[in-house]
Amino acid sequence: MSQNKPNYLFPLIIVFIVCFLIGFVTTMNNSMIEFCKEAFKLNDTQGQLVNTFFYGAYALSIPFAMMMNKIGYKSTLVLGLTVVACGFIANYLGVTAAIGSPNVYTVFLCCMSLVALGVVMLQLVANPYVMVLGAPESGAFRMTLSQALNSVATTVAPMFITFVIIADKPKLPENVPGPFLGLGIFTLVIAAILFFIKLPDPDKDKAADDDSAAVDAKQYKSSVFKYPHVWLGALGIAMYMGLEIGIPSMLPAYWKADPTLPGSATEYLSFYWGGMMVGRFIGSAILTKFKARTLLSACLILGAICVGVSFVLPGMYAVYAMLAAGLFHSVMWPLIFNLGLQDLGPHTKAASGIINMGVLGGATLPLLMGTVVDNPSLGVGVAIMMMFIYYIYVFWFCNFGSKIGLSK
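Analysis parameters
- Residues numbered from 1 in each chain as written.
- Predicted model: local features only at pLDDT ≥ 70, side-chain atom pairs only at ≥ 80, totals over all residues.
- Heavy atoms only, no water.
- Core = buried A, V, L, I, M, F, W, Y, C linked by side-chain atoms within 4.5 Å.
- Buried < 20%, exposed > 50% of the residue type's maximum accessible area, 1.4 Å probe, protein only.
- Helix = DSSP H or I, 4+ residues; strand = E, 2+ residues; numbered from the N terminus.
- Contact = heavy atoms within 4.5 Å.
- pLDDT = per-residue confidence, 0-100.

A. Inspection of the nonpolar core at higher detail. Formed by 130 residues in total, the largest nonpolar core has its most connected members in M28, F108, F180, M332, M387 and Y391. The dominant element in this core, judged by the number of residues it contributes, is helix α7 (residues 104-132), at 16 residues. Apart from residues no more than four positions distant in its own chain, F180 is found in contact with M28, M32, F88, N91, F108, M112 and I165.

Below you can see the structure in the form of structure tokens.
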């Protein structure tokens, strides 16, 4: 009995665009800090509120996962894109209307929070779609390609900030949200296309998985809450966010502390995100030869060395040392995530929502580091030294914490 295989090329292209959009929006948000500080006349703590409001949306990861189970993957994807589009358009309209008001920065933050809510929905659904849109045996290739596109987006976003939003414009509030209107319309068009095309339902093929899970159910504990490595993994992701976001968030303060540095911090962020892109390609290749724990441990040590070396090098050499850490930060997210999800069987989906909440570290740790920078007795050096705490915890989780509570 032969059946025509469905052609998933067009919907796969759409989902790849979504993966690109997730990386672009997330990195663009972080790259806006320096410009926002000058445009809205902010100190370092206030500037880090951009991260706090954006990553704070991940507190809703579990409720959104429950919603996704009720309305389905496609509806969640369309809803997420629509919310992102509305956030961008509202940012353009709201900030423009609030020019001259003391609340203009608050309007900007609230609108970016709306964008972030949409991004959380997109992240929950994008990976399962990439895996289901095609033959199972080529799923790893599609996942690698989607991560590569995400990394390309994180490299392009700082360039977009530098050459489109900032360019040679005066650093004024009215110049912050201009291109957001175009981004909002583009995202809305993608949402409309997705609404009208047919996409497969990943849940169609889960019956066989459910049957095998039922056979092995007695091997697993009764609740995901009885696996300590899941919660330790969520904290590991939180600490990782302090590493990934810490360097680009602290660069503007580094420039402020050393007026002899050329250009601006934003101009150099592409080197950091570009290093992460290269690292992901290299990491995906060498993972076939090394265990996940070995690779993660090596990357943590080398990343910490890069940051440590920056304290003894002068000027731009110190900057380049910190930027080089991006090469080693690149593979940490998937490795930490996978260690937190190991040996969970039927609890894997619930654990994924819990670990995803670790992204809240991006809302809290950079804000804490910004507070340290604003303290005259501490400064940017102490803030950067906080990253060694994050490295140490993730190293402990990699080699010890991820083994706690695993079923025998």
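Having put the structure on the table, let's press on.
B. Seen up close, the confidence of the model for the chain. Averaged over the chain, the pLDDT score is 81; the fraction of residues at 70 or greater is 86%. Between residues 211-218, whose pLDDT stays under 50, and residues either more than four places distant or in other chains, the model counts one contact.

C. Structural detail: the environment of P334. With respect to the helices and strands, the residue P334 is situated in helix α15 (residues 332-341). For the pair formed by P334 and L296, sequence separation is 38 residues and the distance between their alpha carbons is 9.8 Å.

D. The arrangement of unusual backbone geometry in detail. Of note, the phi angle at K41 is positive, near 60°, even though the residue is not glycine. Within the element layout of this structure, K41 appears in the loop between α2 (33-39) and α3 (44-47). Overall, K41 belongs to the exposed group, its relative accessible area being 67%.

E. Fine view of the environment of G303. Inspection of the secondary structure puts G303 in helix α13 (residues 292-310). Taking relative accessible area as the criterion, G303 reaches 0% and is therefore assigned buried. With 22 residues separating them along the chain, G303 and A325 place their C-alpha atoms 4.7 Å apart.

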